[in-house]
Structure formats: structure tokens, C-alpha cells
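# Fold and geometry: a report
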Amino acid sequence: MSATTAATAAATAAATAAATAAATTAATAAATAAATATAATPSTPRVAPAEPPYPAEVQAWLDRTMPPGVPPLGLFTTLARDPRLFQRFMAGGLLDRGNLTLRQRELVIDRVTARAGSEYEWGVHVALFGARVKLTPAQLASLVHGSPDDACWDEAERALLRVCDELHTTCTVSDATWAAAGVHLTETARIEVLMLAGFYRTVAYLTNALRIPLEAFAPRFPPGS
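Residues numbered from 1 in each chain as written. Predicted model: local features only at pLDDT ≥ 70, side-chain atom pairs only at ≥ 80, totals over all residues. Heavy atoms only, no water.

Attention now moves to the overall build of the protein chain. When you go through the protein chain residue by residue, the secondary structure sums to 10 helices and 0 strands. Going from the N terminus to the C terminus, the protein chain shows its helices and strands as α-α-α-α-α-α-α-α-α-α. Across the 225 residues of the protein chain, 40% fall into the buried class. A sequence separation of at least 24 residues applies to 72% of the contacts in the protein chain between residues at least 6 apart. Carbon together with sulfur atoms contributes 62% to the accessible area of the protein chain, which is approximately 11800 Å² in total. (Helix = DSSP H or I, 4+ residues; strand = E, 2+ residues; numbered from the N terminus. Buried < 20%, exposed > 50% of the residue type's maximum accessible area, 1.4 Å probe, protein only. Contact = heavy atoms within 4.5 Å. Areas by Shrake-Rupley, 256 points an atom, 1.4 Å probe, with all protein chains shown as cover.)

Structure representation (C-alpha cells):
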């Protein structure tokens, strides 16, 4: 390859990367604005939650899942209308110790649910895990309104968040983004990111479409800039 050809290829790659980043930022801003507007509109739940006493198998799941003294989440009690659906949902979670650190796991969950407009699930996870994984106010705002390029993230976290954003907008991950994430994550960790992001996209569908009321203890999306 000649020097001229190499320079042209490098310039084309840089221009493509810049255009992709700009498009992603614009898409993030538009999606966030729409999601925030939707979340701010009061709504009535579409499906009434189940009332106690719950079936024994449902109660056992709730006892294992909820912190002591915290009532079961509205999402859980709504799914408990059908014990089969409830158990399938609960068995699909990835909140155990796996291939990701707790902070990595929560970054994926918070970014996916924010991009999908699930203020409910975003707030639940921020309330239960935000302080434990040391999310700052700037990082919480960035997860909802910002970009992986924001100054509050290090390179490893930027790579992780870019995976989440590409999955949200394209339902796949480019070679460049996959490779960049691979600098910081093993192959099995990247597989777990895909599964985790997909599961919480499902959670966003449930919380948004069923109009699950926000939990009283959970924070709202931060105001946009």
C-alpha cells in the first residue's frame, strides 16, 4: 500500500468514525428526550398486580430476591399474576456473580434501561446499587442524557457503554466496537454483556408497556442539560 493510499484509508476511517459518533450522539439525545417526556407523563397501570398471599413458589422467589423489609417490586407482583411467567422471568436474570464486576453489570443495566426509556427499572437499580458501585451525579446524568465520550468515563467504561449503545440502535455490534471491548473484557464477559443487555431490554418493554408505577424509593431520571 502506498503512503497516499494509506493516508486516504486512514482519513476515510477517521471520517466514518466521526460520523458514526455524531449520529450515535444525536440518536441518544433524541431517544432520551422522547423517553423522558414519556416517563414524565402520569399513567395508569395496564395490569393490576397480584395480591398476597402469593403462591408458595412465588413467595419463595420474593423472599430470596428482595432485601429484608423492602416490599416486592411492582414489576414482580404484576408478573406474579401468572406464576409460570413470573418464574421464567426470574430464572432469566443475571444478577449473580458472573463474568462482569458489579459496576460493569450496573453500567450495562443503567445504560440499557435509560436508552429504552425505562425510568422505573433505571431508578430501581440506581437506588439499590448506585452507591455500591460509586456512580457519581455526573455519571448518572451521562447514563441518561450523555455519551460514552463524556469525560466522566474511563476508556474501559467507554468501550462497555458503546457496546450498549450499538446494541440499542442496531441490534448488533460492529467489529471495531467488539474489538475495543475485548481489550478490557474476556470473550465470555462480552457474551454476558449481550445477554444482560437483551434481558434488560425485555425488562424495559415490560415496565414501559405495562405502565408499572415508579417505586417510591427509586430516583427519577435526572433533568437534561
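The calculated volume of the largest pocket comes to roughly 490 Å³. Considering the residues around the largest pocket, the lining is formed by 22 residues, among which Thr65, Phe76, Met90, Leu95 and Tyr200 are closest to the centre. When residues of the lining of the largest pocket are traced back to their parent elements, those giving at least two are helix H2 (56-65), helix H3 (74-79), helix H4 (83-91), helix H6 (119-130) and helix H10 (187-209). Sorting elements by how many residues they give to the lining of the largest pocket places H6 first, with 5 residues. For the lining of the largest pocket, the residue count by class is 16 nonpolar, 3 polar and 3 charged. (1 Å grid on protein atoms, 1.4 Å probe; cavity = no way out; pocket = protein on both sides within 12 Å on 5 of 7 lines; lining within 4 Å. Points joined across faces, edges and corners; volume = space filled by probe spheres on them. Nonpolar A, V, L, I, M, F, W, Y, C, P; charged D, E, K, R; others polar.)

Our focus in this paragraph is the environment of Pro219. As for its placement among the helices and strands, Pro219 is situated in the segment after H10. Separated by 93 residues in the primary sequence, Pro219 and Val126 place their C-alpha atoms 7.3 Å from one another. Discounting chain neighbours no more than four positions away, the residues touching Pro219 are Trp122, Gly123, Val126 and Ala127.

The predicted coordinates ought not to be read in detail in places where the model reports low pLDDT. With 81% of its residues at a pLDDT of 70 or more, the protein chain shows a mean pLDDT of 87. Note that pLDDT drops below 50 for residues 1-41; the model gives that stretch 18 contacts with residues more than four away or on any other chain. (pLDDT = per-residue confidence, 0-100.)

Once that is clear, we can look at the packing of helix H8 (residues 155-170) against H10. For the pair H8 and H10, the least separation of the axes is 11 Å and the interaxial angle reads 50°. Viewed along their axes, H8 and H10 adopt a mutual orientation that is oblique. For the crossing formed where H8 meets H10, the hand is right-handed. On H10, the residues that touch Leu160, Val163, Leu167 and His168 of H8 are Val193, Leu194, Ala197 and Arg201. Within the contact of H8 with H10, the residues separate by chemical class into 6 nonpolar, 1 polar and 1 charged. (Axes fitted to C-alpha atoms, helices over the stretch in contact; angles between N-to-C directions. Parallel < 35°, antiparallel > 145°, perpendicular 65-115°, else oblique. Left-handed = near helix turned anticlockwise from the far one by under 90°.)

Within the secondary structure, Glu157 is located in helix H8. We classify Glu157 as buried; its relative accessible area is 12%. Polar contacts involving the side chain of Glu157 include one to the side chain of Arg103, which spans 2.6 Å. Setting aside chain neighbours within four positions, we find Glu157 in contact with Arg103 and Leu107. (Polar contact = N/O pair within 3.5 Å; in protein donor to acceptor, adjacent residues only side chain to side chain.)

As a further point, take the packing of aromatic side chains. Taken as a whole and assessed by the stated rule, the structure comprises 3 aromatic pairs. With a centroid separation of 5.3 Å and 65° between ring planes, the pair formed by Trp122 and Phe221 is classed as edge-to-face. Linking Trp122 in helix H6 with Phe221 in the segment after H10, this pair joins segments that are 99 residues apart in sequence. With relative accessibility at 1%, the residue Trp122 sits in the buried group. (Phe/Tyr/Trp six-rings, centres within 6.5 Å; stacked < 30°, edge-to-face > 60°.)

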